[in-house]
Amino acid sequence: EAGVVQSPRYKIIEKKQPVAFWCNPISGHNTLYWYLQNLGQGPELLIRYENEEAVDDSQLPKDRFSAERLKGVDSTLKIQPAELGDSAVYLCASSLVSFTEAFFGQGTRLTVV
Amino acid sequence: GIQVEQSPPDLILQEGANSTLRCNFSDSVNNLQWFHQNPWGQLINLFYIPSGTKQNGRLSATTVATERYSLLYISSSQTTDSGVYFCAVERNFGNEKLTFGTGTRLTIIP
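Residues numbered from 1 in each chain as written. Chains lettered and ligands numbered in written order. Predicted model: local features only at pLDDT ≥ 70, side-chain atom pairs only at ≥ 80, totals over all residues. Heavy atoms only, no water.

(A) Geometry of the sheet that holds strand β3 (residues 19-24) of chain A. Residue and element names in this part refer to chain A. Across the sheet, four strands lie side by side as β1-β3-β8-β7; this open sheet has antiparallel pairing. Each end of this open sheet is capped by a strand with a single partner; those strands are β1 (5-7) and β7 (65-68). Each adjacent strand pair in this sheet contributes to an overall mean axis angle of 15°, direction not counted. Where β3 meets strand β8 (residues 75-79), five bridges bridge the pair, whose relative direction is antiparallel. Opposite C23, over in β8, you have S75 as the bridge partner. (Pairing = 2+ DSSP bridges. Helix = DSSP H or I, 4+ residues; strand = E, 2+ residues; numbered from the N terminus. Axes fitted to C-alpha atoms, helices over the stretch in contact; angles between N-to-C directions.)

The following block contains the structure:
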């Protein structure tokens, strides 16, 4: 069974440019998460989806970040415009339903220069 | 929200040694997971253990939910065990999210 797939693995952009990350969760998983991980810290939740609905986006900086999960499967996280402080690893995870075991993708390492 | 503390923050051991990592949390939980983040950044599931004891090879974990802590045991450490170990917890209450601790960085020396 394929795990959570993310792309790209690495991305380097100049500040003020837009960037997008893509996530394909494990087949059949209804819950999808986007996490942000800064160097030396644990992952922090940005947004959680139940099927197509964003049920927790309280930590998402909505002035520059947006996310969507069309048809309740794949998801895209976008930053526009990117700032230097957005440099981090962006992790996607999925679980069958909320409050069950979550599985993580390999992450996208973003560097903003 | 729930608070998650892990100890020790850093641990350096000789290959073959045993270790115990601890995770304390501030409230009752419905979900507790242990992850190993390898040097390439991948978070690998070790245990889904909201309560009780589980074993998988050289690794085992115990969660005492009533006392709000979990322990991860690593026996006969190998260099491939190096990396950061995270505990993450979640409550089925309101909009509680899967919350990670600050991690334990384990370094195994050959």
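(B) Main features of the pairing of strand β9 (residues 88-95) of chain A. All names here are of chain A. Counting buried residues along β9, eight of its eight residues qualify, which places the element largely inside the surrounding structure. Neither face of β9 is exposed, since A88, Y90, C92 and S94 on one face and V89, L91, A93 and S95 on the opposite face are all buried. Both strand β4 (residues 31-37) and β9 contribute to a ladder of seven bridges, which runs antiparallel. Across the sheet, residue Q37 finds its bridge partner in β9, namely V89. Where β9 meets strand β11 (residues 108-112), three bridges bridge the pair, whose relative direction is antiparallel. Bridge pairing in β11 places V89 opposite R109. Pairing of β9 with strand β10 (residues 102-104) involves three bridges; the strand directions are antiparallel. Residue pairing in the sheet places A93 in a bridge with F104 of β10. Between β9 and β10, which pair antiparallel and follow one another directly, the connecting turn spans six residues, one of which, F99, has a positive phi of 70°. (Buried < 20%, exposed > 50% of the residue type's maximum accessible area, 1.4 Å probe, protein only.)

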